[in-house]
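Now for the letters of each chain:
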Amino acid sequence: MRRSLIALVIMAMPVVAAASAAGRLQEARDGKRSAFVVVYDGNSAGLEDARAMAKAGREKAGKARVSLVELNRDEAANRDLVEKYGLAGAPVPLLLVVAPNGAVAGGFPAARGNADVLVRMLPTPKKADVLGALAAGRAVVLCIYGKDAPGMEAVRAACAKARDQMKGKLTAVFVAKDDPEEARFLAELRVGPEPAGQMTLVINTAGQVTSGFPGPVDAGLLVAAANKKGGGMACAPGACGPGAKSCAPGAAKSCAPPAAGSTAAR
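Every value quoted in this text rests on a predicted model; they were computed, and no experiment measured them.

Novice: Please explain the pairing of strand β1 (residues 34–40) as it appears in this structure.
Specialist: Where a strand is regular, its side chains alternate between the two sheet faces. In terms of burial, β1 is a largely internal element, seven of the seven residues being buried. The two faces of β1 match: S34, F36, V38 and Y40 on one face and A35, V37 and V39 on the other face are all buried. Where β1 and strand β2 (residues 66–72) come together, seven bridges link them in parallel fashion. The residue of β2 that forms the bridge with F36 is L68. Assessed by its sense of winding, the connection that carries the chain from β1 through helix α3 (residues 47–61) to β2 is right-handed. Where β1 meets strand β3 (residues 94–98), five bridges bridge the pair, whose relative direction is antiparallel. When the bridges of β3 are listed, V37 appears paired with L96.

Novice: Honestly, the sheet that holds β2 in this entry has me stumped. Any pointers?
Specialist: Hydrogen bonds between backbone groups are what pair the strands of a sheet, and the pairing can be parallel or antiparallel. Here we have four strands laid out as an open sheet, ordered β2-β1-β3-β4, and mixed in their pairing. The open sheet has two free edges, formed respectively by β2 and β4 (104–109), since each of these has just one partner strand. Recorded for the sheet is a direction-independent mean angle of 20° between the axes of neighbouring strands.

Novice: Please explain helix α7 (residues 152–165) as it appears in this structure.
Specialist: Because an α-helix packs 3.6 residues into every turn, residues spaced three or four apart end up facing the same way. With 14 residues, α7 should reach 20 Å at 1.5 Å per residue; the first-to-last C-alpha distance of 20 Å fits that figure. For α7, the full list of buried residues reads M152, V155, A158, C159 and A162. One side of α7 carries all its buried residues, which in axial view fall inside an arc of 120°. Away from its buried face by more than 90 degrees, α7 exposes E153, K161 and D164. Of the surrounding secondary structure, the elements contacted by the buried residues of α7 are β5 (139–145), β6 (170–176), β7 (198–203) and α9 (219–226). Directly after α7, the chain includes K167, whose backbone phi takes a positive value near 55°.

Novice: How should unusual backbone geometry be read in this particular structure?
Specialist: Working note: non-glycine residues mostly have negative phi, and peptide bonds are mostly trans. With an omega of 0°, the peptide bond running from V92 to P93 counts as cis. With respect to the helices and strands, the residue P93 is situated in the loop between α4 (79–84) and β3. Notably, K32 is not glycine yet its phi reads approximately 55°, a positive angle. Within the element layout of this structure, K32 appears in the loop between α2 (21–30) and β1. A residue is classified by how much of its surface remains accessible, and K32, at 72% relative accessible area, is exposed. The backbone of K167 shows a phi angle near 55°, a positive value even though the residue is not glycine.

What counts, and at which threshold
- Residues numbered from 1 in each chain as written.
- Predicted model: local features only at pLDDT ≥ 70, side-chain atom pairs only at ≥ 80, totals over all residues.
- Heavy atoms only, no water.
- Buried < 20%, exposed > 50% of the residue type's maximum accessible area, 1.4 Å probe, protein only.
- Helix = DSSP H or I, 4+ residues; strand = E, 2+ residues; numbered from the N terminus.
- Pairing = 2+ DSSP bridges.
- Right-handed = clockwise from strand over helix to strand, strands pointing away.
- Axes fitted to C-alpha atoms, helices over the stretch in contact; angles between N-to-C directions.
- Expected span 1.5 Å × (residues − 1).
- Arc of directions from axis to C-beta.
- Contact = heavy atoms within 4.5 Å.

What follows is the structure, given as C-alpha coordinates:
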(Lines give C-alpha, C1' and ligand atoms only; values in the text may rest on other atoms or scores of the structure.)
Protein backbone atom coordinates (compact mmCIF):
# COMPACT_ATOMS: atom_id res chain seq x y z
CA MET A 1 0.00 0.00 0.00
CA ARG A 2 2.79 2.38 0.93
CA ARG A 3 4.54 1.81 -2.39
CA SER A 4 1.30 2.44 -4.24
CA LEU A 5 0.79 5.76 -2.47
CA ILE A 6 4.36 6.84 -3.30
CA ALA A 7 3.83 5.89 -6.93
CA LEU A 8 0.63 7.93 -7.07
CA VAL A 9 2.35 10.96 -5.56
CA ILE A 10 5.19 10.72 -8.07
CA MET A 11 2.76 10.39 -10.97
CA ALA A 12 0.86 13.46 -9.74
CA MET A 13 3.99 15.62 -9.63
CA PRO A 14 4.35 18.00 -12.59
CA VAL A 15 6.95 16.99 -15.13
CA VAL A 16 9.59 19.70 -15.51
CA ALA A 17 11.47 19.25 -18.75
CA ALA A 18 14.59 21.19 -19.70
CA ALA A 19 13.63 23.92 -22.13
CA SER A 20 15.01 23.54 -25.64
CA ALA A 21 17.27 26.20 -27.13
CA ALA A 22 14.40 27.35 -29.32
CA GLY A 23 12.13 27.50 -26.28
CA ARG A 24 14.64 29.51 -24.28
CA LEU A 25 15.09 31.95 -27.15
CA GLN A 26 11.33 32.33 -27.43
CA GLU A 27 11.13 33.01 -23.69
CA ALA A 28 13.76 35.74 -24.11
CA ARG A 29 11.82 37.19 -27.02
CA ASP A 30 8.57 37.15 -25.06
CA GLY A 31 10.36 38.95 -22.23
CA LYS A 32 11.93 41.45 -24.66
CA ARG A 33 15.39 40.32 -23.62
CA SER A 34 18.52 39.68 -25.62
CA ALA A 35 20.26 36.33 -25.23
CA PHE A 36 23.83 35.14 -24.85
CA VAL A 37 23.93 31.79 -26.63
CA VAL A 38 26.67 29.22 -26.02
CA VAL A 39 26.96 27.03 -29.13
CA TYR A 40 28.81 23.74 -28.77
CA ASP A 41 28.98 20.14 -29.90
CA GLY A 42 30.29 16.85 -28.52
CA ASN A 43 33.89 17.74 -29.36
CA SER A 44 33.97 21.27 -27.91
CA ALA A 45 37.02 22.02 -25.79
CA GLY A 46 36.75 24.88 -23.33
CA LEU A 47 32.98 24.64 -22.94
CA GLU A 48 33.04 25.43 -19.22
CA ASP A 49 35.05 28.59 -19.92
CA ALA A 50 32.49 29.62 -22.54
CA ARG A 51 29.66 29.07 -20.07
CA ALA A 52 31.48 31.12 -17.44
CA MET A 53 32.03 33.92 -19.97
CA ALA A 54 28.34 34.03 -20.87
CA LYS A 55 27.37 34.07 -17.19
CA ALA A 56 29.85 36.86 -16.43
CA GLY A 57 28.54 38.86 -19.38
CA ARG A 58 25.00 38.51 -18.11
CA GLU A 59 26.07 39.71 -14.67
CA LYS A 60 27.67 42.80 -16.23
CA ALA A 61 24.72 43.55 -18.50
CA GLY A 62 22.04 42.87 -15.89
CA LYS A 63 20.02 39.69 -15.57
CA ALA A 64 16.81 41.51 -16.48
CA ARG A 65 18.25 42.38 -19.92
CA VAL A 66 19.78 39.07 -20.95
CA SER A 67 18.91 35.37 -20.96
CA LEU A 68 21.43 32.54 -21.10
CA VAL A 69 20.86 29.85 -23.71
CA GLU A 70 22.85 26.72 -24.56
CA LEU A 71 22.65 25.22 -28.03
CA ASN A 72 24.11 21.78 -28.77
CA ARG A 73 24.32 21.72 -32.55
CA ASP A 74 24.54 17.91 -32.55
CA GLU A 75 20.99 17.59 -31.24
CA ALA A 76 18.27 17.02 -33.82
CA ALA A 77 15.94 19.37 -31.91
CA ASN A 78 18.32 22.24 -32.71
CA ARG A 79 18.63 21.53 -36.43
CA ASP A 80 16.43 24.47 -37.45
CA LEU A 81 18.42 26.93 -35.34
CA VAL A 82 21.72 25.58 -36.69
CA GLU A 83 20.46 26.18 -40.21
CA LYS A 84 18.89 29.55 -39.42
CA TYR A 85 22.04 30.97 -37.86
CA GLY A 86 24.53 29.19 -40.15
CA LEU A 87 26.21 27.30 -37.30
CA ALA A 88 27.07 24.01 -38.99
CA GLY A 89 30.66 24.96 -39.81
CA ALA A 90 31.26 27.59 -37.14
CA PRO A 91 34.16 27.10 -34.69
CA VAL A 92 32.84 25.98 -31.30
CA PRO A 93 32.34 26.76 -28.53
CA LEU A 94 30.89 29.93 -30.02
CA LEU A 95 29.27 32.86 -28.21
CA LEU A 96 26.34 34.54 -29.96
CA VAL A 97 24.42 37.66 -29.02
CA VAL A 98 20.81 37.41 -30.19
CA ALA A 99 18.55 40.46 -30.16
CA PRO A 100 15.07 40.33 -28.62
CA ASN A 101 13.59 39.99 -32.12
CA GLY A 102 15.70 36.89 -32.82
CA ALA A 103 18.32 38.52 -35.05
CA VAL A 104 22.01 37.84 -34.43
CA ALA A 105 23.79 40.98 -33.22
CA GLY A 106 27.27 39.44 -33.20
CA GLY A 107 29.34 36.46 -32.26
CA PHE A 108 32.85 35.12 -31.79
CA PRO A 109 34.69 31.91 -30.87
CA ALA A 110 34.86 31.72 -27.09
CA ALA A 111 38.66 31.56 -27.15
CA ARG A 112 38.84 34.94 -28.88
CA GLY A 113 36.72 37.17 -26.68
CA ASN A 114 35.53 37.96 -23.18
CA ALA A 115 32.49 39.04 -21.20
CA ASP A 116 33.04 42.72 -21.99
CA VAL A 117 32.87 42.00 -25.73
CA LEU A 118 29.55 40.22 -25.22
CA VAL A 119 28.11 43.21 -23.40
CA ARG A 120 29.30 45.64 -26.08
CA MET A 121 27.53 43.55 -28.73
CA LEU A 122 24.13 43.96 -27.08
CA PRO A 123 22.04 45.88 -29.63
CA THR A 124 20.07 49.04 -28.94
CA PRO A 125 16.35 48.85 -29.84
CA LYS A 126 16.77 50.59 -33.20
CA LYS A 127 19.85 48.56 -34.07
CA ALA A 128 17.82 45.44 -33.35
CA ASP A 129 15.18 46.71 -35.79
CA VAL A 130 17.85 47.07 -38.47
CA LEU A 131 19.24 43.61 -37.76
CA GLY A 132 15.77 42.08 -37.85
CA ALA A 133 15.00 43.62 -41.23
CA LEU A 134 18.30 42.43 -42.71
CA ALA A 135 17.78 38.93 -41.28
CA ALA A 136 14.37 38.87 -43.00
CA GLY A 137 15.98 39.77 -46.34
CA ARG A 138 14.80 43.36 -46.42
CA ALA A 139 16.83 46.47 -47.24
CA VAL A 140 16.82 49.29 -44.69
CA VAL A 141 16.36 53.03 -44.94
CA LEU A 142 17.85 54.43 -41.75
CA CYS A 143 16.73 57.98 -41.04
CA ILE A 144 18.72 59.77 -38.33
CA TYR A 145 17.13 63.05 -37.34
CA GLY A 146 17.71 65.86 -34.90
CA LYS A 147 15.32 67.98 -32.93
CA ASP A 148 13.02 70.06 -35.14
CA ALA A 149 14.70 68.66 -38.26
CA PRO A 150 13.02 70.23 -41.31
CA GLY A 151 11.39 68.15 -44.01
CA MET A 152 10.68 65.06 -41.90
CA GLU A 153 7.17 64.67 -43.29
CA ALA A 154 8.63 64.55 -46.79
CA VAL A 155 11.21 61.97 -45.71
CA ARG A 156 8.57 59.75 -44.13
CA ALA A 157 6.44 60.02 -47.26
CA ALA A 158 9.41 59.10 -49.46
CA CYS A 159 10.17 56.08 -47.26
CA ALA A 160 6.57 54.90 -47.46
CA LYS A 161 6.55 55.30 -51.23
CA ALA A 162 9.87 53.45 -51.57
CA ARG A 163 8.54 50.61 -49.39
CA ASP A 164 5.48 50.31 -51.62
CA GLN A 165 7.62 50.28 -54.75
CA MET A 166 9.76 47.49 -53.30
CA LYS A 167 6.66 45.54 -52.30
CA GLY A 168 7.56 45.24 -48.66
CA LYS A 169 11.23 44.34 -49.23
CA LEU A 170 12.34 47.53 -47.48
CA THR A 171 12.03 48.68 -43.88
CA ALA A 172 12.32 52.28 -42.67
CA VAL A 173 13.90 52.83 -39.24
CA PHE A 174 13.89 56.29 -37.63
CA VAL A 175 16.46 57.19 -34.97
CA ALA A 176 16.36 60.41 -32.94
CA LYS A 177 19.77 61.92 -32.26
CA ASP A 178 18.79 62.81 -28.72
CA ASP A 179 17.58 59.30 -27.81
CA PRO A 180 19.92 58.19 -24.99
CA GLU A 181 19.15 54.53 -25.67
CA GLU A 182 20.60 54.89 -29.18
CA ALA A 183 23.82 56.72 -28.27
CA ARG A 184 25.96 53.60 -28.81
CA PHE A 185 24.33 52.86 -32.16
CA LEU A 186 24.85 56.43 -33.36
CA ALA A 187 28.48 56.27 -32.25
CA GLU A 188 28.94 53.08 -34.30
CA LEU A 189 27.49 54.91 -37.29
CA ARG A 190 29.82 57.85 -36.57
CA VAL A 191 26.92 60.26 -36.48
CA GLY A 192 27.91 63.58 -34.96
CA PRO A 193 26.23 65.01 -31.87
CA GLU A 194 24.79 68.02 -33.68
CA PRO A 195 21.19 68.27 -32.42
CA ALA A 196 19.71 69.60 -35.65
CA GLY A 197 19.70 68.20 -39.17
CA GLN A 198 18.87 64.85 -40.66
CA MET A 199 20.66 62.11 -42.60
CA THR A 200 19.19 59.12 -44.42
CA LEU A 201 21.39 56.05 -44.91
CA VAL A 202 20.47 53.15 -47.16
CA ILE A 203 21.60 49.60 -46.34
CA ASN A 204 21.07 46.92 -49.00
CA THR A 205 20.07 43.34 -48.24
CA ALA A 206 23.75 42.31 -48.13
CA GLY A 207 24.22 44.65 -45.16
CA GLN A 208 26.16 47.28 -47.10
CA VAL A 209 25.68 51.02 -46.58
CA THR A 210 25.32 52.15 -50.19
CA SER A 211 24.19 55.78 -49.98
CA GLY A 212 23.67 58.72 -47.65
CA PHE A 213 21.36 61.66 -48.23
CA PRO A 214 20.99 64.86 -46.19
CA GLY A 215 17.56 66.44 -45.90
CA PRO A 216 14.53 65.38 -47.97
CA VAL A 217 15.12 62.57 -50.45
CA ASP A 218 13.29 61.17 -53.46
CA ALA A 219 11.74 57.70 -53.19
CA GLY A 220 13.34 56.69 -56.49
CA LEU A 221 16.82 57.39 -55.10
CA LEU A 222 16.06 55.27 -52.03
CA VAL A 223 14.91 52.36 -54.18
CA ALA A 224 17.97 52.62 -56.43
CA ALA A 225 20.30 52.65 -53.42
CA ALA A 226 18.48 49.73 -51.79
CA ASN A 227 18.88 47.66 -54.97
CA LYS A 228 22.56 48.48 -55.44
CA LYS A 229 24.65 45.32 -55.43
CA GLY A 230 28.28 44.96 -54.43
CA GLY A 231 30.69 47.63 -53.30
CA GLY A 232 29.70 49.84 -50.44
CA MET A 233 30.76 49.24 -46.87
CA ALA A 234 30.33 45.65 -45.72
CA CYS A 235 29.96 46.89 -42.18
CA ALA A 236 26.30 46.90 -41.30
CA PRO A 237 25.41 46.11 -37.69
CA GLY A 238 26.06 42.46 -36.94
CA ALA A 239 28.64 42.08 -39.71
CA CYS A 240 30.75 39.80 -37.52
CA GLY A 241 27.98 37.26 -37.02
CA PRO A 242 28.32 33.53 -37.82
CA GLY A 243 28.13 34.05 -41.58
CA ALA A 244 31.03 36.49 -41.67
CA LYS A 245 34.57 35.54 -42.68
CA SER A 246 35.79 36.36 -39.20
CA CYS A 247 33.88 36.25 -35.93
CA ALA A 248 36.76 37.71 -33.96
CA PRO A 249 35.91 40.64 -31.69
CA GLY A 250 36.20 43.85 -33.66
CA ALA A 251 36.15 42.05 -37.01
CA ALA A 252 33.41 44.31 -38.32
CA LYS A 253 34.42 47.80 -39.32
CA SER A 254 32.45 50.75 -38.05
CA CYS A 255 29.65 51.94 -40.29
CA ALA A 256 30.67 55.46 -41.11
CA PRO A 257 28.03 57.09 -43.31
CA PRO A 258 29.15 58.15 -46.80
CA ALA A 259 29.74 61.81 -47.45
CA ALA A 260 26.53 63.80 -47.59
CA GLY A 261 24.73 63.26 -50.85
CA SER A 262 27.32 60.77 -52.13
CA THR A 263 27.05 57.14 -53.12
CA ALA A 264 29.42 54.80 -51.36
CA ALA A 265 29.35 52.15 -54.06
CA ARG A 266 29.59 52.81 -57.76
